[in-house]
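# Examination of the molecular architecture
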Number of protein chains: 6
Amino acid sequence: MSTFGLIEYQDASAEVRAIYDDIMATRKTDWINNFWKAIAHDPANLKRTWESIKAIMGPGAIDPLTKELIYVAVSVTNNCHYCIASHTASAFKKGMTPEMFKELQAIIGMANETNKMVTGYQVEIDERFRPPLKK
Amino acid sequence: MSTFGLIEYQDASAEVRAIYDDIMATRKTDWINNFWKAIAHDPANLKRTWESIKAIMGPGAIDPLTKELIYVAVSVTNNCHYCIASHTASAFKKGMTPEMFKELQAIIGMANETNKMVTGYQVEIDERFRPPLKK
Amino acid sequence: MSTFGLIEYQDASAEVRAIYDDIMATRKTDWINNFWKAIAHDPANLKRTWESIKAIMGPGAIDPLTKELIYVAVSVTNNCHYCIASHTASAFKKGMTPEMFKELQAIIGMANETNKMVTGYQVEIDERFRPPLKK
Amino acid sequence: MSTFGLIEYQDASAEVRAIYDDIMATRKTDWINNFWKAIAHDPANLKRTWESIKAIMGPGAIDPLTKELIYVAVSVTNNCHYCIASHTASAFKKGMTPEMFKELQAIIGMANETNKMVTGYQVEIDERFRPPLKK
Amino acid sequence: MSTFGLIEYQDASAEVRAIYDDIMATRKTDWINNFWKAIAHDPANLKRTWESIKAIMGPGAIDPLTKELIYVAVSVTNNCHYCIASHTASAFKKGMTPEMFKELQAIIGMANETNKMVTGYQVEIDERFRPPLKK
Amino acid sequence: MSTFGLIEYQDASAEVRAIYDDIMATRKTDWINNFWKAIAHDPANLKRTWESIKAIMGPGAIDPLTKELIYVAVSVTNNCHYCIASHTASAFKKGMTPEMFKELQAIIGMANETNKMVTGYQVEIDERFRPPLKK
């Protein structure tokens, strides 16, 4: 379900099908999850979003599993239930162990706590931390 | 600067100094950043927070650098400037390369974008993603 | 459903009915949605909220449909499912086309993405953008 | 200022300059604001972000000024000071009047208020508002 | 400073001055803080906001100091620096002790932490907690 | 339900049972709510979180009911449905009256509104509000 309903593969235009095919091929899977079927009502957005995700979440300086952990951390902080469910499943598929899941949740909780303590105490940034960083 | 000012090492009680010492020893550094000096006005909170951070951010199923990347992702999503500055510096110290920093920011941006597209399109969670996960 | 349940028209006090009547007359509709029935347990808040909404969302320098688009943008960013559902429906009623809905979601997604990239890169405000603006 | 500093036009690679040129030509202006100079350290991200912004914020079903109002609404809700400063300036440049600015702020405030009242009262979504919408 | 600058008492219209006078009389103080001087550019919004604040933050079932603590908790969670600074000062003026301030920050931090752990673990609401509550 | 399911008392390890027992004894109740059963998969986190909650939410400079009101305010602002449901129930149990509930929601709504108006108008912090506070 979604505002305009979901576009299934058999009902999709050739343009949308090509993206669905690329999603399934890239992810080595045989199904498409609801997010893509919902935004397929806007093929330009579907294409742009998929190409960005594919480029950003693919191999790079950060490994694919770590990228999923980061995605989950953002999604939990944003309280996005769909994203938490889908990216948690995806992280498990990419190799996250139950131990890693638990540590991830503890880090997210702790970061959210200290983010607010820093803010509530109105702490000024240390000179050494100010950008630009000497890298 | 902070609501009650900062407690420097020389002005700290023995209880607070012991924690400052442990922070410096654990982090192999010779200074204390403002966050700890600000919450040192509440020694019980200082102790609890440091012990939690030490346990959660230390060695485990997730490596220390990845933990910092997750901390930065939460801090950016929460818009906490102090936390972004301090944990970005910390991540570089633990081995984050400029390439990793850039990928991290791209992932955070993308996750925040898709979190909102899912929400705005009111997408329902796929059956396969619903907890509990079959691990 | 709501914390205290919903107050239906037939069970409402004269004071609450008068506001329900004004909501229906102003909106040219014959029903009251759950939000109002929930806060009707606090008639002073119901009155204050309705009068503010009526004044702010009515005719002005910004047209009523644009006002709804802005309301949806805030609600999506806040992840408020009730508000997204009700204001998306309201925007369609006021003339939002499917094309506008799709562009709206793309803008919301993009704004949430760049908001975080700016924050993560710790970008300083350009001098030219600093208030007060020379209007 | 920014994590890695800002890349000025004269110091930019040909690839980055081409994007700076397109930004200035598209916006009919002769300068580049800090956001682009900060993310120019990641040319692929600079290109992807600019092309998305250009496609999404350009002419469409929603007029350019309304798009800026929506951008400001998201940025205020996210508390992104850089984005508020830059998009408020941009909105004025595209024709936002002081009256429109004031109404915009009142709507954003009101939406944030009712978003939380709905949530705090745990109001259930009305049947009539549930997706998919009969469009 | 603010988008349109600040409207000082001597430059204010009679309508705005009357509200400034009421703010000072109600708060038993002889100055007006920047928030009011900024939104005074929109006298209708100034009036509506002040009257709502006056009604909501005045004597009621919750005492004025507790109301300020709640205001601070929301402002820290929203990361609103102006609001944190002004309402923290206001809370101290109304009798918040340093001990209360410290407990307040610890509660805010803890609530933000558990809010995210609940969300990350995708915990379902217990039957006993579901509204409507039997009050 | 939760990512890994819920750990019931009869299936819990001695370590987890000891914490469940302490939760029930401290709260003078005979059941455990889902949050604890979900994070019990991580006994170290369960222990740390419970001990922190017990220390922070117990008797202190702020009374237990006020602490719950603050917890609800954070949870509503964070849009955490589980937390709103559980802490609203807890607040009623600790003596919150319907009148207090209504005032609480009005304060939370108002604070969220003014947080955004301050931010949207880009209001600078008054000198008198800047930390450190002269306490």
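Residues numbered from 1 in each chain as written. Chains lettered and ligands numbered in written order. Predicted model: local features only at pLDDT ≥ 70, side-chain atom pairs only at ≥ 80, totals over all residues.

### Re the environment of A91(A)
All names here are of chain A.
- Structurally, A91 is set in helix α5 (residues 81–93).
- Note on A91: 23 C-beta atoms within 10 Å, which makes it buried.
- Residues A91 and L69, spaced 22 residues apart in sequence, show a C-alpha to C-alpha distance of 6.7 Å. (Helix = DSSP H or I, 4+ residues; strand = E, 2+ residues; numbered from the N terminus. Buried ≥ 20, exposed ≤ 12 C-beta atoms within 10 Å, placed from the backbone.)

### Focus on the interface of chain F and chain E
- With 60 residues of chain F at the contact, the number on the chain E side is 60 residues.
- The greatest single-element share of the side of chain F that touches chain E, amounting to 16 residues, is contributed by helix α6 (residues 98–120) of chain F.
- Here the side of chain F that touches chain E is built from residues that sort into 34 nonpolar, 19 polar and 7 charged. (Contact = placed C-beta atoms within 7 Å. Nonpolar A, V, L, I, M, F, W, Y, C, P; charged D, E, K, R; others polar.)

### Overview of helix α1 (residues 14–27) of chain A
Residue and element names in this part refer to chain A.
- The first and last C-alpha atoms of α1 sit 20 Å apart over 14 residues, in line with the 20 Å expected at 1.5 Å per residue.
- Considered for burial, the residues of α1 that qualify are V16, I19 and Y20. In a view along the axis of α1, the buried residues occupy a sector of 100°, so they form one face of it. Of the exposed residues in α1, the ones pointing more than 90 degrees away from its buried face are A14, E15, D21 and A25.
- Lining the buried residues of α1 we find α2 (34–39) and α3 (43–57).
- Looking one or two residues past α1, K28 carries a phi angle of roughly 50°, positive in sign. (Expected span 1.5 Å × (residues − 1). Arc of directions from axis to C-beta.)

### Quick look at the domain arrangement of chain A
- In terms of domain boundaries, chain A breaks down into domain 1 (1–57) and domain 2 (60–135).
- The gap between the C-alpha centroids of domain 1 of chain A and domain 2 of chain A is 26 Å. (Domains from an automatic or database assignment.)

### Description of the relation of the copies chain F and chain E
- Overlay of chain F on chain E (RMSD 0.0 Å): rotation 180°, translation along the axis 0.0 Å. When the rotation and shift are considered jointly, the pair of chain copies conforms to a two-fold rotation axis.
- When you check the interface residues of chain F against chain E, 100% turn up at the interface there too, and the contact is symmetric in its surfaces. (Least-squares fit on C-alpha atoms with pLDDT ≥ 70 in both.)

### What to know about the packing of helix α1 (residues 14–27) of chain D against helix α3 (residues 43–57) of chain D
All names here are of chain D.
- Their axes nearest at 10 Å, the elements α1 and α3 cross at an angle of 20°. Here α1 is positioned roughly parallel relative to α3, judged by the angle of their axes. Remark: the crossing between α1 and α3 carries left-handed chirality. Only P43, L46, K47, W50 and K54 of α3 make contact with α1, whose side of the interface consists of E15, V16, I19, I23 and T26.
- For the contact of α1 with α3, the class distribution of residues is 6 nonpolar, 1 polar and 3 charged. (Axes fitted to C-alpha atoms, helices over the stretch in contact; angles between N-to-C directions. Parallel < 35°, antiparallel > 145°, perpendicular 65-115°, else oblique. Left-handed = near helix turned anticlockwise from the far one by under 90°.)

### As for the environment of E124(D)
- Within the element layout of this structure, E124(D) appears in the segment after α6 (98–120).
- When the 14 C-beta atoms within 10 Å are taken as the criterion, E124(D) is described as partly exposed.
- Excluding residues that lie within four positions of it along the chain, E124(D) makes contacts with M1(C), S2(C) and N34(C).

### As for the relation of the copies chain A and chain B
- With an axial shift of 0.0 Å and an RMSD of 0.0 Å, the rotation relating chain A to chain B amounts to 180°.
- Of the interface residues in chain A, 100% have counterparts in chain B that sit at the interface too, so the contact is made through matching surfaces.

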